[in-house]
Number of protein chains: 2
Amino acid sequence: MENMINKLEMIDTSSLVDRVEMNLIELLVKKNLKVGNAIPTEIELAGALGVSRSVIREALVRLRMIGLIESKKHRGAIITNPDLLALLEKRMIPQVLDDGTLREIFELRLVLEIGMADLIMERVTPEQIAELKKIVANEPTHTESYQFQIQHEITFHGKLYEISGNETLKKFQKMLLPVFDYVHKSGLLKKDAVVRKFVSHKGLVDIIEHGSAEMLRNGMRSHLENHFARLFH
Amino acid sequence: MENMINKLEMIDTSSLVDRVEMNLIELLVKKNLKVGNAIPTEIELAGALGVSRSVIREALVRLRMIGLIESKKHRGAIITNPDLLALLEKRMIPQVLDDGTLREIFELRLVLEIGMADLIMERVTPEQIAELKKIVANEPTHTESYQFQIQHEITFHGKLYEISGNETLKKFQKMLLPVFDYVHKSGLLKKDAVVRKFVSHKGLVDIIEHGSAEMLRNGMRSHLENHFARLFH
DNA sequence: TTTTTGCTTTATGTAAGACATAATAAAGAT
DNA sequence: ATCTTTATTATGTCTTACATAAAGCAAAAA
């Protein structure tokens, strides 16, 4: 009895749209279509695959949602260079993420900022160093509003992402921003963490100008110490 | 003339589905629905919003694609906790990503692995160290097949992601795997890089067992030196 | 009583046809 | 040649209809 059941294979329970979706992705990949190329009209696809237009439409909506195509109203769709993260951004609604995930995303930021030291040191230009100096010159004092201090943090660290020269990384950061704001405001992290300053923004700039990647990694780790402390205890 | 144009407001060019989509997201967020709660049927939603079922369906497809809801066939949809990266995974089709993005994603891996040193050192357990030792004990020699060596790389580094205790991070790695494979096989990176071994897997395990986060960061950076060299020259 | 089988209900999956509308191209007017 | 009008076309939206899978329930079988 048991072994009889085990012999049975899962039967394909995918819907028509599921198969059409796969079919279309395959088509796009196989045909090696370039960015900007138009894809056939809904009616043509429906005819070619022998399904109704509603099925095609639904499959196309999916492709659009995963960023494979871009639809122009009343004009059809074209292949697009998937902006990997623009879409993720839509899903980044802190209110609907559970606490564990929010925490993990917060960790991810720390990981990224420490890990990108090599990219920064390799690619930073003198102009960018000047810009960084200008930013830290306007560093807010402790007496200024919380919101203003946060904004300054974002400006400084955002600049670092920019210097990394990795667009994907930068988009990632942009996407994570609302989460940080939310995590800070919510009670997710222990509020009563020590607010000691370790390596300051200015210290980081000094390292970028005169130091090494290794020094920057360690400096950044120290700079983020408060955050780590709040995560680990 | 100019100031006249500036006074004009962008007119709303969104489609009905666009608005219904926003409406539904708002509904879900506002009602503070919990994971697992069912949402009204398509017909009810169509009635309530005064639009046709097809519009509702299309909006629901979008919500499903961004992971806000999960549909059970013929039974309706329920709220779900969005798996941030499951969707991204679908878009990770190396063939449709342009070279620049592929390169950036490759960099991202290096950034992550260096940056996650602190998470590893904070959370690694004695059992996990034992597992790591087992993995490096089976290290393939240079004479074994390329594919086998790659597989071993994945096993080892995958374990590190696991030890980091950050599920989001781990999913991220899983998602990036096909890209690495592709990047290696394509001519995107200079093939003739020095294939010198710096810190070995075994060296990393030693650090994890007896060293510090700082040492692990530096060790990992050294371990990945070949990759960096190929990126930076 | 327990288990199996079949029925009914319900919501979604799929189809087909119709018309509205916006973007573009073609034709016509100046 | 430039501007305006008019087709043309593909998508956007609506409607209706029917097929089908899931779930619960009732009837039948053990």
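From a predicted model like this one, the values you see are computed outputs, not experimental measurements.

A. Spotlight on the overall build of chain A. Helix and strand counts for chain A come out as 13 helices and two strands. Looking at chain A as a whole, 45% of its 233 residues are labelled buried. For chain A, the share of sequence-separated contacts (at least 6 apart) that also reach a separation of at least 24 residues comes to 70%. In the structure as shown, chain A presents an accessible area of about 12,500 Å², 56% of it carried by carbon and sulfur atoms.

B. Structural view of the interface of chain A and chain B. With 58 residues of chain A in contact, the opposing surface of chain B contributes 58 residues. Approximately 5,300 Å² of surface area, both sides summed, lies buried where chain A meets chain B, with 59% of it carried by carbon and sulfur atoms. At the junction of chain A with chain B, the criterion picks out seven salt bridges. Linking chain A with chain B are 18 residue pairs in polar contact (both at pLDDT 80 or more). Elements represented by at least two residues in the side of chain A that touches chain B include exactly α2 (16–30), α4 (53–65), α5 (84–91), α6 (99–115), α7 (117–123), α10 (167–185), α12 (213–223) and α13 (225–232) of chain A. Here the side of chain A that touches chain B is built from residues that sort into 26 nonpolar, 12 polar and 20 charged.

C. Just unusual backbone geometry, in detail. All names here are of chain A. Despite not being glycine, His-74 has its phi angle at roughly 60°, a positive value. Note on placement: His-74 falls in the loop between β1 (69–72) and β2 (76–79). A relative accessible area of 79% places His-74 in the exposed class.

D. Local environment of the confidence of the model for chain A. For chain A, per-residue confidence averages 83 on the pLDDT scale, and residues scoring 70 or more make up 85% of the total. The secondary-structure element of chain A with the lowest mean pLDDT is helix α1 (residues 2–7) of chain A, recorded at 51, while α7 of chain A shows the highest, at 96.

E. Quick look at α4 of chain A. Residues and elements named next belong to chain A. Between the first and last C-alpha of α4 there are 18 Å, a value that for 13 residues agrees with the 18 Å anticipated at 1.5 Å per step. For α4, the set of buried residues is Val-55, Ile-56, Glu-58, Ala-59, Leu-60, Val-61, Arg-62, Leu-63 and Met-65. Directly after α4, the chain includes Gly-67, whose backbone phi takes a positive value near 80°.

F. Inspection of the relation of the copies chain A and chain B at higher detail. Placing chain A over chain B gives an RMSD of 0.2 Å and needs a rotation angle of 180°, together with 0.2 Å of translation along the axis. Read as a symmetry element, the transformation amounts to a two-fold axis. In terms of proximity to the rotation axis, the leading residue of chain A is Gly-115 of chain A, whose C-alpha is 2.0 Å off the axis. Comparing interface residues between copies, 100% of those in chain A also lie at the interface in chain B; the contact surface is shared.

G. Main features of the protein's contact with DNA strand C. Taken together, 18 residues lie near DNA strand C, and Leu-16 and Val-55 of chain A together with Glu-42, Arg-53 and Arg-57 of chain B sit nearest. Atoms of DNA strand C within 4 Å of the protein belong to the sugar or the phosphate in 71% of instances, the rest to bases. In the model, a base nitrogen of DNA strand C is placed 3.3 Å from a nitrogen or oxygen of the Ser-54 of chain A side chain. Between a base oxygen of DNA strand C and a side-chain N or O atom of His-74 of chain B, the distance comes to 3.1 Å. Secondary-structure elements contributing two or more residues to the surface near DNA strand C are α2 and α4 of chain A together with α4 (53–65) of chain B. In terms of residues, the surface near DNA strand C owes the most to one element, α4 of chain A, which gives three residues. Of the residues belonging to the surface near DNA strand C, the class tally is four nonpolar, seven polar and seven charged.

H. The arrangement of the pattern of salt bridges in detail. Residues and elements named next belong to chain B. Inspection of the entire model under this criterion finds 31 salt bridges over all chains. Glu-21 serves as the salt-bridge partner of Arg-62, at 2.8 Å between the closest nitrogen and oxygen. Here Arg-62, found in helix α4, pairs with Glu-21, found in helix α2 (residues 16–30); they are 41 residues apart in sequence, far enough to count as distant. Glu-21 sits in the buried class, given a relative accessible area of 4%.

Definitions and cut-offs
- Residues numbered from 1 in each chain as written.
- Chains lettered and ligands numbered in written order.
- Predicted model: local features only at pLDDT ≥ 70, side-chain atom pairs only at ≥ 80, totals over all residues.
- Heavy atoms only, no water.
- Helix = DSSP H or I, 4+ residues; strand = E, 2+ residues; numbered from the N terminus.
- Buried < 20%, exposed > 50% of the residue type's maximum accessible area, 1.4 Å probe, protein only.
- Contact = heavy atoms within 4.5 Å.
- Areas by Shrake-Rupley, 256 points an atom, 1.4 Å probe, with all protein chains shown as cover.
- Buried area = accessible area lost by both parts, 1.4 Å probe.
- Salt bridge = Lys/Arg side-chain N within 4 Å of Asp/Glu carboxyl O.
- Polar contact = N/O pair within 3.5 Å; in protein donor to acceptor, adjacent residues only side chain to side chain.
- Nonpolar A, V, L, I, M, F, W, Y, C, P; charged D, E, K, R; others polar.
- pLDDT = per-residue confidence, 0-100.
- Expected span 1.5 Å × (residues − 1).
- Least-squares fit on C-alpha atoms with pLDDT ≥ 70 in both.
- Near = heavy atom within 4 Å.

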